[in-house]
Amino acid sequence: MSATGDAENTPEDTTSRNARSAPSGGSGQGPGDVEVPVLGPVGMARWAWTQLTKMNTALFLLLLLAVAAVPGSIFPQRIQDPARVSDYIDNNPTLGPWLDRLQLFDVFSSAWFSAIYILLFVSLVGCVLPRAGKHWRAWRAEPPRTPRRLERLPEHRSLTLGGCDSAAAPAPDEVVAEAARLLKRRGYRVAVRETGTAAPSVAAERGMWKEVGNVVFHLALLGVLISVAVGSLFGYKGQKILVEDESFVNTLIGYDSFTPGTNYNPDWLPPFSLRLDDFSSEFYRDTTNPRNYGAPIDFTAEVTIEDAPGAAPRQETLKVNAPVNVDGVKSYLVGNGYAPVIRVTDGNGEVAFEGPVVTIPVDGVYTSNLTLKVPDARPDQLGFTGLLLPTAVTGPDGMPRSGDPGLANPRLILSSYYGDLGLDTGKPQNVYVLDVAPLTELNSMMSDNGAITLDAANPVHELPEGKGTIEFLDVKRYVGLDIVYDPGRTGAFISFVAAFAGLLMSMFISRRRVWVRATTDLDDQGRPATVVEYGLLARGEDPRLRTEAESLGELFTTHWKAIGVRDDAGDRTESAPEKTTDRARRGPTTN
Amino acid sequence: MPVNETLGTWSELFMLLAAMTYLVSFIAFAWDMAPHAKTLHAPGQTGRHTEADRALIGAASAGAGNARPLEATDPRAGLGAGDRGRGYRAAARSVLAEHVADAQMRYTGERRPAARVAVTVMVLGFALHTAAVVTRAIAAARVPWGNMYEFSTTGALVVAGVYLVSLWRRDLRFVGVLVSGLVVIMLTAATIGFPTPVGPLVPALQSWWLVIHVSIAVAASGIFTITFAMAVLQLLQARRERTILAGEAPGMGFLAMVPSSQALENLSFRLNAVGFAFWTFTLAAGAIWAEQAWGRYWGWDVKEVWTFVIWVVYAAYMHARATRGWTGTRSAWLSIAGYLCVIFNFVVVNTVFTGLHSYSGL
Ligand code: HEM
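Residues numbered from 1 in each chain as written. Chains lettered and ligands numbered in written order. Predicted model: local features only at pLDDT ≥ 70, side-chain atom pairs only at ≥ 80, totals over all residues. Heavy atoms only, no water.

## Description of the nonpolar core
For clarity, the cut-off: Here, nonpolar core refers to any group of buried Ala, Val, Leu, Ile, Met, Phe, Trp, Tyr and Cys residues whose side-chain atoms link them within 4.5 Å. Whether a residue is buried, partly exposed or exposed follows from its accessible area with a 1.4 Å probe, protein chains only, as a fraction of its type maximum: under 20%, in between, or over 50%, in that order. For the purposes of this entry, the term helix denotes a DSSP run of H or I that reaches at least four residues, the term strand denotes a run of E that reaches at least two, and both are numbered from the N terminus. Whether two residues touch is decided by their heavy atoms; if any such pair falls within 4.5 Å, the residues are in contact.
Counting 108 residues, the largest nonpolar core has F113(A), Y163(B), F174(B) and V175(B) as its most contacted members. The element contributing the most residues to this core is helix α11 (residues 302–320) of chain B, with 15 residues. Setting aside anything within four residues of it in sequence, one finds F113(A) in contact with L65(A), A68(A), A69(A), V107(A), F108(A), W300(B) and F308(B). L276(A), V324(A), L414(A) and V475(A) belong to the second largest nonpolar core, which has 48 residues in total.

## Describing the site of the ligand
What counts is decided by this rule: For this description, a residue counts as near a given molecule or strand if any of its non-hydrogen atoms is within 4 Å of it. Counting of polar contacts relies on pairs of N or O atoms within 3.5 Å, with two restrictions inside protein: one atom must be capable of donating a hydrogen and the other of accepting it, and residues adjacent in sequence are counted only when both atoms are side-chain atoms.
Neighbouring the ligand are 26 residues; C127(A), R131(A), H218(A), S506(A) and H319(B) lie closest to it. Mapping the residues adjacent to the ligand onto the chains of the assembly identifies chains A and B. Taking H218(A), its side chain carries an N or O atom lying 2.8 Å from a nitrogen atom of the ligand. The separation between an oxygen atom of the ligand and a polar side-chain atom of S506(A) is 2.5 Å. Those elements that provide at least two residues to the shell around the ligand are α3 (55–69), α7 (111–140), α9 (208–234) and α10 (489–508) of chain A together with α11 of chain B. At six residues, the largest contribution of residues to the shell around the ligand is made by α7(A).

## Digging into the coordination of the iron atom of the ligand
Worth spelling out the cut-off: Donor atoms (N, O, S) are those found within 2.8 Å of the metal centre, with the cutoff raised to 3.2 Å for Na, K and Ca; water is not part of the atom list, so apparent gaps in a site can occur. A four-donor site is classed as tetrahedral when every donor-metal-donor angle falls between 85 and 135 degrees; four donors are called square planar, and six octahedral, when trans pairs exceed 155 degrees and all remaining angles lie between 65 and 115, with any other arrangement labelled irregular.
For the iron atom of the ligand, the protein coordination sphere consists of H218(A) (NE2) and H319(B) (NE2), at 1.9 Å. For the iron atom of the ligand, the six donor atoms in the first shell make angles of 76 to 178 degrees at the metal, so the coordination geometry reads as octahedral. Of this pair, H218(A) sits in helix α9 while H319(B) sits in helix α11, which puts the two residues in different chains. Across this residue pair, the class does not change: H218(A) and H319(B) are buried.

## Side note on the UniProt feature "transmembrane region" (unreviewed entry) in chain B
Residues and elements named next belong to chain B. How we decide: UniProt positions are given in the numbering used here, feature names are shortened, and annotations may be inferred rather than shown by experiment.
The feature "transmembrane region" (unreviewed entry), as given by UniProt, occupies residues 13–31, 114–139, 151–168, 175–196, 208–233, 271–290, 302–320 and 332–353 in the numbering adopted here. Secondary structure within residues 114–139 divides into 100% helix and 0% strand; the distance between the first and last C-alpha atoms comes to 37 Å. Regarding residues 302–320, the helix share stands at 100% and the strand share at 0%, and the terminal C-alpha atoms are separated by 27 Å.

## Section: the sheet that holds strand β7 (residues 273–283) of chain A
All names here are of chain A. Counted only if it meets this: Two strands are counted as paired when DSSP detects at least two bridges linking them. Fitting a line to C-alpha atoms yields each axis, with helices limited to the stretch in contact; the angle taken between N-to-C directions then spans 0 to 180 degrees.
The strand order across the open sheet formed by four strands is β5-β7-β8-β9, and the pairing between neighbours is antiparallel. Looking at which strands have only one partner, the edges of the open sheet turn out to be β5 (247–249) and β9 (314–319). This sheet shows a mean twist of 30 degrees between the axes of neighbouring strands, independent of strand direction. As paired strands, β5 and β7 are joined by three bridges and run antiparallel to one another. Note that in β7 the partner of F248 across the bridge is L274.

What follows is the structure, given as structure tokens:
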């Protein structure tokens, strides 16, 4: 490999320096001990670039990235749960705003986190592209020149050919040509050198794909990053709660909440519709195993989809790990619960509300919170809060509770209020929370007349003071859907596959060089013999270099068996003084 | 999905027996190490390792005696020139060669009865452990990694299995104390810390991705457990080597059974590379699964944050090997830091933080 001026950041260069500084333990050589040249702006920029694209810097930025990600797991994050963030700030009035200013609730979109990964990726490109270029040139050039002293290589062997049945020693040129052929068949690229001289040689190299793998891996990481960016620019995410027999139309007003990507235009929403035909759930009911009793086993939603208005409807099944896909827009089953159907008749005898009310399950047996606001009731607006018990049983304390997540004995236990619900002020309200402070109580658990209890046996309740009646008609199921469009998804997947393939290539392909040289010598009986000497050098980690040396020995021995082969074992250590190995290793690497 | 309670009880019994068997194996491993803590203090003593190394080379010629063992214990000679280890000078290596085990980690034929007992008992423990995990899987009629109890017990099985299989090829009995000790800790933590009766899987976990994602994660954690043990030994050995080179009497004599810090580093680098590939796969498989279950492949959920942190730390470790000034002790510390993150991700993130990955079964 030719080391040029910009070799600053290449690992082989690092290695050699590393080896030279061996005994000191390499300490005290951090990025800090680089001399800052006194240069103009261009020089400074070049210097900064050199620093940024160093392995040391990459390592430092990687560790910094790991550390910077940690607060994202300690503090609540807005991308996950904005409500928890506001709670946190409310509960920590001094610390909270400061943390917010430091973007600790938005770690992964914060300026400092972005700065780290952007620098890292700039460094990556600045490091990997020159490497790729160098590798490209190396691949087109011939394998490097044969080192003068093969015995200095980490693996070195020598064989003496000829002499069997007084066979003549083969000519060195021939031997080298044969060796080149054998190596080529073994997957090496070869270059025969110095033919016609007394010591011709062949240089061989294999494992060029290792470096390709490394480059592919790093660039594919960049691909992942770009795909994520595409997704957050041109994607969107929305949520919708859908009760059985209701339809959702994919338009902006169809959503309960909608979060477009930075550059997404809601006009682009594909106009499909999705209807929930049926929802069923299955629970674990083995009473011998009380700990797992009532654990969910299966949720299945049957839906009907129309890809566009008027298109032929098609039936699909939606499950927890199996979303439905319409034109790349995927709908996921992320929640479910009960929606009791309630009719409220107001004090004037008019039906002021009739329909399913979405309740929120709070435990494993689907004890569910219900909130119902009836702004259309006259003369006074009405509000209800309470619980739905899907299978009402009486607990040991005499209190009603739910004994099972299924719908065996549904019961509503409600408090009722009248007064101004405050919905006309234009201030957005949470539909699942009723502020009872400005209202007047009619019934409650605490009041003398007790809470309203509605079930199959007792479906109607007359409100006190002639304020109206409430009826419990039915219970329907609902599902919570996440509806997501992410145009970066495919790109991210392809990039990942490329990264993984590159990683495996780079980690498990061995890059090796072999040089074989043939010379004529006299054997111990004074007859001419051909000495084949070969040495191996690995680039990168290669635990099997010695095995390869032995395999080559076997290969050569078998090949020349007919004319006689003698293994000159032993010579490899005696003539290789230990302390020169480091330099020898560097020799062929940097010439 | 029927759950077989009786079989579940059997599984727990097997698990208990396995833990006790491993404990015996741990004691035997410690016993094996203990005598060496005394015998190898004497300076100038020609250790049996030199003898062994000579035998290894197979060249009985005298005379060259000094250079040969050196060659064999030279980790680079064995592992290829590309090793980026920092290494010592030849002279230092020849001094150290007397005090550490063979870098090739091959069996030397030396009699170590306690170690032999330890390995045999560990194989027995492994058999019981396998029975425990398999009966649990049959009892629950699904893969045995659906909650923390099962991750720990199955993870410990992977650790023990990987270790025993590698003993086939290499004499890694020197990490036996640490490996068997960690396995005992994992089983104890599972039984006392996260006891969970056999049960079915919640819908979110009913996916092929559970099989793929979690099994690879458990395997990666198993590998990281072993490299963690090796990194700890590497640090101890490096300290001891410095003491020896300074001409002082080295403490911790049991380390004479352990290869040089350089050899440990080279081996744990190779294992960590495999572990890193597994972890990369875990991360991506998790992302694909999350995409199917939750509609986004990455959302910085607490578990995802820590999976990412671990991945980045081990990526840094991979870089460290190629970076001047970061090999040796520092890279061992990175390996340890990575493992601490793995433990944190498993224990603290699963039990303390709330997130989408709330499947601890607690
Ligand atoms: C997103 C950040 C990065 C990650 C996750 C990452 C990860 C890795 C991993 C896992 C390896 C070892 C596997 C392999 O050989 O392919 C590696 C090798 C390498 N990385 Fe990175 N890397 C990152 C950024 C960088 C940067 C910024 C540079 C340059 C300054 C760089 C230069 C290298 C080089 C030269 C190697 C090969 C080392 C060798 O030959 O052993 N990487 N990287």
